[in-house]
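Analysis of the macromolecular model
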Amino acid sequence: MKSFIKTKWTMLLLTMVCYLFFYTGRHNFGWAAAGLSAELNISYSFVGWISFAMLIGYACGQLINGNLADRYSPRIMILTGAYLSIATNVAISFSTNAYMILFLWGINGYFQSLAWAPGGKIINNWWNQKERGKAFGFYTMSAGLSSVITYMLSILLLQHGYEWRMLFRLPVLCLLVTATIFFIFIKDKPEEEAESGSDEEITSTLTWSQRYAKVLENKNFLCICLAFGFESMARYGLIFWVPVHYLGTNWKQQPQSVWVTFFLPLGMAIGALTFGWLSDTLFKGNRIKAIRIGMMISFFIAVSMYFVAKENFMLSAVLMLCAGFFVYGPQACFWPLSPDLLGSKLTGTGIGCMNMFGYLFAALGEPLIGKIIDLSGSTHPIFLIVGTACLFSTIVISILVKKSKKIEIIVNQ
């Protein structure tokens, strides 16, 4: 028993450490956007479309790869995604054509999508329903910390005079190392389950289309996916555009102001771990309630940020920390709803479909934000759009709970 507990924690930590550096190949773009825009003479609207391409690629990949994770080895899928994403980032760093970058960043989104749902499948294989919120909380925290690392590396590289191209070359070297370590030591599932073949036998009775059908026929789960879509739109509205907001035109005259952005991913990491733990303890498995509270508070924080000047360092830092905490924290409660409502054998497909909704909505928001920045000449409207997305997520979750008590019954079983 002690051996199994040690092993399941090892599997969780290996998955976390690997994903800890995945965003170095994805969230680096926001920091490169200003330099890329200036050198290639492209508008922020087009920059928004480049981000859109990656998010669409990621959304499509989630829909496909979540299903595949229920059938094939998550371990191999994650390694493949890491290596291909690294290669694509390096290729972008040598590109001089905006449309080539658009294409490469789009396929990079697909390669990046080979990690999250397969990682969730591994965690589900090792952790039972009673501890799933905690496990997914740690996993989601690793994604938040991945943003912290990417932000920190990007800021340091820029402050040391490196051009935007180096943001696509140097940080992903960390992913190369951790993905290789992950591949060597990770196990997809407990040995006794792998030897029995029970999981494969049950899963193989369903075709890929039947797995999708079982997920899509669950109306409660689809409503949760819709709420998750708005949450993801808010999250990416912050992750991608906050660096653009604080870099501005004179960040080199006030280099300390850029470090305000560091509090955003830091709050995300803390929020993910906190919400995952609270959903299992304080909320007794009622993840819907935790999500509703988090997204409502996020709405008020985002609207408040619209009225705060960038020069107000202390207040901006506090709001950034809170925004990260409450916008991203509820994600730790969304992911366990996949196995909670669909069952363990459809975990990968469910997580993939949910994340597809998330990144589709996030993708639709990127060109919109870029266009508004071009038209208004200001980056402050970013926070109004983020606040609106948080409000819509709150409304969907609230209506869902009022109309169906079935979810609470299933979650609390």
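What counts and how
- Residues numbered from 1 in each chain as written.
- Predicted model: local features only at pLDDT ≥ 70, side-chain atom pairs only at ≥ 80, totals over all residues.
- Heavy atoms only, no water.
- Helix = DSSP H or I, 4+ residues; strand = E, 2+ residues; numbered from the N terminus.
- Contact = heavy atoms within 4.5 Å.
- Areas by Shrake-Rupley, 256 points an atom, 1.4 Å probe, with all protein chains shown as cover.
- Lys, Arg positive; Asp, Glu negative; His and termini not counted.
- Charge placed at Lys NZ, Arg CZ, Asp CG, Glu CD.
- Core = buried A, V, L, I, M, F, W, Y, C linked by side-chain atoms within 4.5 Å.
- Buried < 20%, exposed > 50% of the residue type's maximum accessible area, 1.4 Å probe, protein only.
- Salt bridge = Lys/Arg side-chain N within 4 Å of Asp/Glu carboxyl O.
- Patch = residues over 30% accessible without salt bridge, like charges linked within 9 Å, V, L, I, M, F, W, Y side chains within 5 Å.
- Disulfide = S-S within 2.5 Å.
- pLDDT = per-residue confidence, 0-100.
- Phe/Tyr/Trp six-rings, centres within 6.5 Å; stacked < 30°, edge-to-face > 60°.
- Lys NZ or Arg CZ within 6 Å of the ring centre and 35° of its normal.

1. Section: the overall build of the protein
- If you tally the helices and strands in the protein, you get 20 helices and zero strands.
- Taking the principal axes of the C-alpha coordinates as reference, the protein spans close to 60 × 45 × 40 Å.
- Taking the intrachain contacts of the protein between residues at least 6 apart in sequence as the baseline, contacts between residues at least 24 apart amount to 85%.
- Put simply, the protein shows about 15900 Å² of open surface, and 69% of that area lies on carbon and sulfur atoms.
- Considering the protein, the positive charge centre built from 30 side chains and the negative charge centre built from 20 side chains are found 5 Å apart.

2. Observations regarding the nonpolar core
- Formed by 125 residues in total, the largest nonpolar core has its most connected members in Tyr19 and Leu264.
- No other element matches the 16 residues that helix α12 (residues 219-247) contributes to this core.

3. A few points about helix α6 (residues 116-126)
- Burial runs high along α6: eleven of the eleven residues are buried.
- Among all positions of α6, only Trp116, Ala117, Pro118, Gly119, Gly120, Lys121, Ile122, Ile123, Asn124, Asn125 and Trp126 are buried.

4. Details of the pattern of salt bridges
- Under the defined criterion, the tally for this structure stands at two salt bridges.
- The salt bridge involving Glu39 is made with Arg165; its shortest N-O contact spans 2.8 Å. On the criterion of sequence distance, the pair formed by Glu39 in helix α2 (residues 29-40) and Arg165 in the loop between α7 (132-159) and α8 (172-185) is long-range, its members being 126 residues apart.
- Overall, Glu39 belongs to the partly exposed group, its relative accessible area being 42%.
- Of the residues examined, Arg165 reaches a relative accessible area of 8% and is grouped as buried.
- A salt bridge links Asp70 to Lys121, with the shortest nitrogen-to-oxygen separation between them at 3.0 Å. One end of the pair, Asp70, is in the loop between α3 (44-69) and α4 (74-93); the other, Lys121, is in helix α6, and 51 residues separate them in sequence.
- On the basis of relative accessibility, which here comes to 2%, the residue Lys121 falls in the buried class.

5. Some points on a nonpolar patch on the surface
- Together, Tyr83, Tyr162, Leu170, Leu173, Leu176, Val177, Ile181, Ile184 and Phe185 line one region of the surface with nonpolar side chains, adding up to about 820 Å² of accessible area.
- It is α8 that provides the largest number of residues to the nonpolar patch, a total of six residues.
- Among the secondary structure elements, Ile184 is positioned in helix α8.

6. Quick look at the state of the cysteines
- A complete count under the given rule lists zero disulfides for this structure.
- Residue Cys223 stays outside any disulfide, its sulfur separated by 9.1 Å from that of Cys225, the closest cysteine.
- When its relative accessible area of 32% is taken as the criterion, Cys223 is described as partly exposed.
- Taking the relative accessible area as the measure of exposure, Cys225 reaches 0% and is therefore buried.

7. Re the environment of Asp340
- With respect to the helices, strands and loops of the structure, Asp340 is situated in helix α17 (residues 337-342).
- Between the C-alpha atoms of Asp340 and Phe221, which are 119 residues apart in sequence, the distance is 9.9 Å.

8. Looking at the confidence of the model for the protein
- Overall, the predicted model of the protein reaches an average pLDDT of 84, with 90% of residues at or above 70.
- Under a pLDDT of 50 for its full length, residues 198-203 has, in the predicted model, eleven contacts with residues more than four places off or in other chains.
- Every residue in residues 402-413 scores below 50 in pLDDT, and together they form 20 contacts with partners more than four places removed in sequence or on other chains.

9. Brief notes about the packing of aromatic side chains
- Summed over all chains, the structure comprises 28 aromatic pairs.
- Consider the rings of Tyr44 and Trp241, whose centres lie 6.4 Å apart with planes at 65°: the pair is edge-to-face. Separated by 197 residues along the polypeptide, Tyr44 in helix α3 and Trp241 in helix α12 bring together distant segments of the chain.
- By relative accessible area, which is 0% here, Trp241 ends up buried.
- Measuring from centroid to centroid gives 5.2 Å for Tyr236 and Tyr359, while their planes differ by 65°, and the two rings are edge-to-face. Placement of Tyr236 in helix α12 and of Tyr359 in helix α18 (residues 347-376) is noted, with a sequence separation of 123 residues between them.
- Classification of Tyr236 as buried rests on a relative accessible area of 2%.
- The class of Tyr359 is buried, set by a relative accessible area of 2%.
- Three or more aromatic residues joined by ring pairs form one cluster here, namely Tyr19, Phe22, Tyr23, Trp116, Phe136 and Tyr139.
- Lying across the ring of Trp127, Lys8 places its NZ or CZ 4.3 Å from the centre.

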